[in-house]
Every structure is written in structure tokens, then in C-alpha cells.
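Here are the chains, one letter per residue:
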Amino acid sequence: MIQDLWYKNSIIYSLDLETFMDLNGDGVGDFEGLTRRLDYLHALGVDTIWLAPFQPSPNQDNGYDIKDYYGVDQRHGSSGNFVEFMHQANRRGIKVIIDLVINHTSDEHPWFQDARSSPDAKHRHWYVWSDKKPSDSDEGMVFPGVQESTWTYDKKAKAYYFHRFFKFQPDLNMDNDEVREEAKRIMGYWLQLGVAGFRVDAVPFILETPAPGAAQPQMKFEYLKEFRKFLQWRKGDAILLGEANVLPEETQKYFGENGDGIQMMFNFYVNQHVFYTLATADTESLIKALEATRNTLPTAQWANFLRNHDELDIDRLPEEQRQKVFDRFGPEEHMQIYERGIRRRLSTMLGNRAQSELAYSLMFSLPGTPVIRYGDEIGMGDDLSLKERDAVRTPMQWSDDPQAGFSESAKLVHPVVDKGPYAYQHINVESQKRNPDSLLNWMTSLIRLRKECPEIGWGEWKILQTGVPQVLGIMYTWQGSSLVILHNFDEKAHEVILKIDQKHDNKLVDLLQDYKSMAENDGTHRVTMDAYGYRWFRASDLSHMLHRGHK
Ligand code: NOJ
């Protein structure tokens, strides 16, 4: 049953414990704080939480440097607090996905400490070593400008070790059977504690077999199938959501030719084209990106997002398009990062409510499952004075109390935004809850609308000819019911003429306002689109006929 594929019609909310809610007053967010905020998330309409890494970590890369896979960093509470949180989330029907960071460990992990101690150590071959400095050691850095190499000499080990990311993140050797067994043990552990699946960090790098000096590393897609098989064996409806910023032609390998790979992937490719379209109002390349990433497997699903905890990566856009996105959304050097991205939040980039609504309405209506970043529902801003990606990792703004109601501590893990138009004194949950016209209330309605449109997650889609290059039209159909969704990226209003294949109806029912469009004699609909306008219509709903025996 397609309806069993819960991840195709859920609303995912991504957060980092560190900056969400600090209950014990030490300046760092914790599980007790998050548990208290579950009612907020439930009222917003979220049904899946994706938690960033919370395991013990030296925290040099926001927790993506784990030193113990089977615990909770004490800054966030205890394992007991985690289980209490899981219990309360499940009571509210909220599923929890956690990060699975198995491409690398922290260099403080006991496995690495053992590995470097001697060539004969038990864990030596859990990592990737080279006696000589590889000729390509200054290539392939994920963080250019900050990271210096991909191979670093370790005095203790008397050898070079491979690290795709920072040098304190040595890569695990996935070709070692023992490492893959351990990866499955980690999955099994958290599944047993009730998680619904994993956001798998750095998937392409997990699959590559780095070899000193080898130009093209070999990719082992069979490892994904192995993990998927294990996952499904332990928990039938659990999912793997992969972080893989790859070209469209590569994606099938990740989903598996028969749907036996990972079930979900973030659609980085479409994400970049969305920003290009937002910058230029040109929908042509977005349409191409959507078609290029069309899923044909019934179990595969995209996760759509606007912003995440990293930079907005626009590396996949052709040079000319990339420049237009930089010009519009990150023109100054301090807004840019790693030679490919922008380290700002959505609201500060778009700069106005109309375009924010347009962007969110679009993201919620694209083929896939929407993922919201904490704070974006209230339009939080960033702090460009913070280092690198920390700019977009400031504490959640709950109220206009000191420290944004996030903590009672004077010293916080990251400072709150307290100056300018995005300061917590102006932008916070408490005040937006009271204001019927707030972004928060608008977002709550959008989430409710998306949940009432199962056609998007489970149905088929096609692009509609709108005749206006600035207006994107998508039509979804699922079990006799269909939707027509339109977005106008232009700062000017437009009228579009739609020819829709409606077998049983001749009306379009507006789902956002009191309006119905009746087809003209030639079967077309004329629809006006405001500047930056978005409209969701139901084109037919056969549910009233189904119980009368019609098909
Ligand atoms: C991808 C994560 O999203 C990013 O935040 C992290 O720095 C790298 N993987 C390394 O784990």
C-alpha cells in the first residue's frame, strides 16, 4: 500500500539540540528543553523531527565529529532524557530521525586512538592510511579555504591518514567488513531506542574507496543495499535519508535500480535551481531540474528544503547562473563561503514576506517531502559575525525575554541575534503566536494544507503549460483526485490560461481563498496571479463519487 510509505507525506523539522531550548540553564540546549517544546512542534503540524548529532563529541564540527556512537553528550542530558524525549514524541505521533555519521569519527574516538598507536593495533585498518604523502593530498577538500589537505601525517602512527572533511575527522575504512558491521550495530542500537530512521551524512564519501593518488575513487553502492537490508530487517518502515549532492544521472544508483538502496535523498539539485528561479523569475531551468530528477521508483522520495544547517551550496549551477544567485542573495564576500555557497538564512536573503511565502509555498508543493529548518517558521535571521556556517546556527528565538527565552545562562553556545530587524526582540515565537497575520501562523496553515494534499507525496505529477515563463504550474493526480498549483516568481502580476485535462469536473476550487474557477467553453481556465503570488487548486476530487460505486 502506497499509504504505508509514511515518509512521502510527512513534514520534517530539522533542529540541533544545542540551539533549540536550554532547560537546565547551562547555555546549551538539551533533551529536557526539546521535550518541553514538543507541543509547539505538534501544534505547528510537524510529524517528523530530524535531530542533528547529539552523541559525545569534542564538537569541533557542530557534533559531526563523534567520539562515542552509543551515548548522549552530557551537555544535552543523559540517555534517560533521550528515552523520555522519544516517549513523549511518539505519544504525539511525532517520529524521530537522527543523523548517522559513519563516514568519519572524531580523532578523539577510542578507535582512532587505538588505530594510530601501532600498525598492528586492532583498529588500525578501521581507518585509511598511507606511508608516503599521496600526490593528491591537497585535492578534494570539502571545505576549501579552511581545510588544507585530505591526507594528514600523524606522528604517533608514523603514517598519513585520509580525511575527506577536517583533519580532526579521520575517514573510516568502509571496505573493512568490521567497520560495516559496526555501522549496522549503531543503526540497530538507535532503532531499538525507537528512531524512525537516519539522515545519512556524506553518503558519496561513505561509498568511495580512497586510494592514494587515484584520480577517480571507486564507488561501492552495494554498501547502501547492505545497510538498507539490515534496516528493513530490524524495522520494516524505517528509512534512510541520504545527504548526497550529486548530479541527476547519479541518483538512481543511490535509490537502487530496484528501489533497494536508500528511500530518500535531499534534492540538492532542485534546491539550487529554486534559488536561481527566485533570483531571476526564470522557471525554465527549474522545470528542467525537476524533470531531470523525476523519480520512477514507487518507494523513492525526494526531501525538499530551502535552507539547512550548512551553506546554501550553488556549485552545481552553471557559472552564469551561479553568479546571478550570488549577486541577488550573497553579493558581499563575507556572505559567501567555501568558494561555492552562501552562509545566510532564508529571510535575510529574500528580504521580504511575499517572496518568503512564495518560496515556502513552492517548496511544500514540489514533488517530495518538505523539510523545514528550525527558526525559518518565524523568519529568523543570521549573524554574519560568527565563524563560517555558525552564522545560521544561532539560538531559537522563543520570546523577547533575555537570551530570546532560549536559556537563563549569561553565556550561550552561540549568541542570540539581538540587533537589527531580525533581533529576538522583534522576531520570536511568543509574539507571532498572538498575531494572526504572522509568518508562524501562515506556516501553520501551509503545513495543514500540505497534509490535506496527499496527491503531492503519493501521486503522479506533470508540468503545466502556463504560457508565462515566470509562472510555474504543476498538476498532481492520485486516486482520482488532483491538484493544480501555480507560482508566479515575477514582481508583476500575470494572467495565465490553463488547459487542464479534467475528466469529471469543470471547476478549480481554490484551497486558500473563497474562489472557484469555472472552465470556459473551450475548456480553459483563466487565472490571475498576483506579484509573487501562489495558488493551490483542487481540480477534481472523486471521493464523493467513489462511495457511489463510480471508478
Ligand atoms: C555534512 C554535514 O551536513 C556538515 O555539517 C558536516 O560538516 C559534514 N557533513 C561532515 O560531517
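Position numbers for residues count from 1 along each chain, tracking the sequence in the order it is written. For this predicted model, a pLDDT threshold of at least 70 governs which residues receive local features, and a threshold of 80 or more governs which side-chain atom pairs are given and counted, while totals over whole chains, interfaces and linings are taken from all residues. Side-chain numbers here rest on the full set of heavy atoms in the structure, without hydrogens or water.

Trainee: Teacher, can you tell me more about the domain arrangement of the protein here?
Mentor: Where interface size is quoted, it is often the accessible area lost as the parts come together. Reported domain spans reflect what an automatic or database domain assignment gives. Domain boundaries assigned for the protein yield domain 1 (6-103 + 177-310 + 352-451), domain 2 (110-162) and domain 3 (459-547). Distance between the C-alpha centres of domain 1 and domain 3: 31 Å. When two parts are put together, the accessible area they lose, computed with a 1.4 Å probe and summed over both, is reported as buried area. Taken together, the two surfaces of domain 1 and domain 3 that pack against each other cover about 1,900 Å², and 72% of this comes from carbon and sulfur. In the analysis that follows, any N or O atom pair within 3.5 Å is treated as a polar contact, provided that within protein one partner can donate a hydrogen and the other can accept it, and provided that, for residues neighboring in sequence, both atoms belong to side chains. Linking domain 1 with domain 3 are eight residue pairs in polar contact (both at pLDDT 80 or more), by the criterion used here. Elements supplying a minimum of two residues to the side of domain 1 that touches domain 3: helix H9 (268-280), helix H10 (284-292), helix H13 (353-365) and helix H15 (439-451). Per-element tally for the side of domain 1 that touches domain 3: the top contributor is H13, with eight residues. Where helices and strands are cited, they refer to DSSP runs of H or I of at least four residues and of E of at least two residues respectively, numbered from the N terminus.

Trainee: Sorry if this is basic, but what is going on with H9 here?
Mentor: Two residues of an α-helix separated by three or four positions point the same way, owing to the 3.6 residues in each turn. Here H9 spans 19 Å end to end across 13 residues, near enough to the 18 Å set by a 1.5 Å rise per residue. Between buried and exposed lies partly exposed: a residue is buried under 20% and exposed over 50% of the maximum accessible area for its type, with that area taken using a 1.4 Å probe on protein chains only. The buried count for H9 comes to eleven of 13 residues, which makes it a mostly enclosed element. Residues of H9 that are buried: Phe-268, Tyr-269, Val-270, Asn-271, Gln-272, His-273, Val-274, Phe-275, Tyr-276, Thr-277 and Leu-278. Just downstream of H9 lies Ala-281, where phi reads positive at about 70°. The span expected for a helix works out to 1.5 Å for each residue beyond the first.

Trainee: Explain the pairing of strand E7 (residues 197-200) here, please?
Mentor: Both faces of E7 are covered, namely the face carrying Gly-197 and Arg-199 and the face carrying Phe-198 and Val-200. Note on pairing: two strands pair once DSSP finds at least 2 bridges between them. Both strand E3 (residues 95-100) and E7 contribute to a ladder of four bridges, which runs parallel. Across the sheet, the residue bridging to Leu-100 is Val-200, located in E7. Direction of pairing for E7 relative to strand E10 (residues 239-242): parallel, over a ladder of four bridges. The residue of E10 that forms the bridge with Gly-197 is Ile-239.

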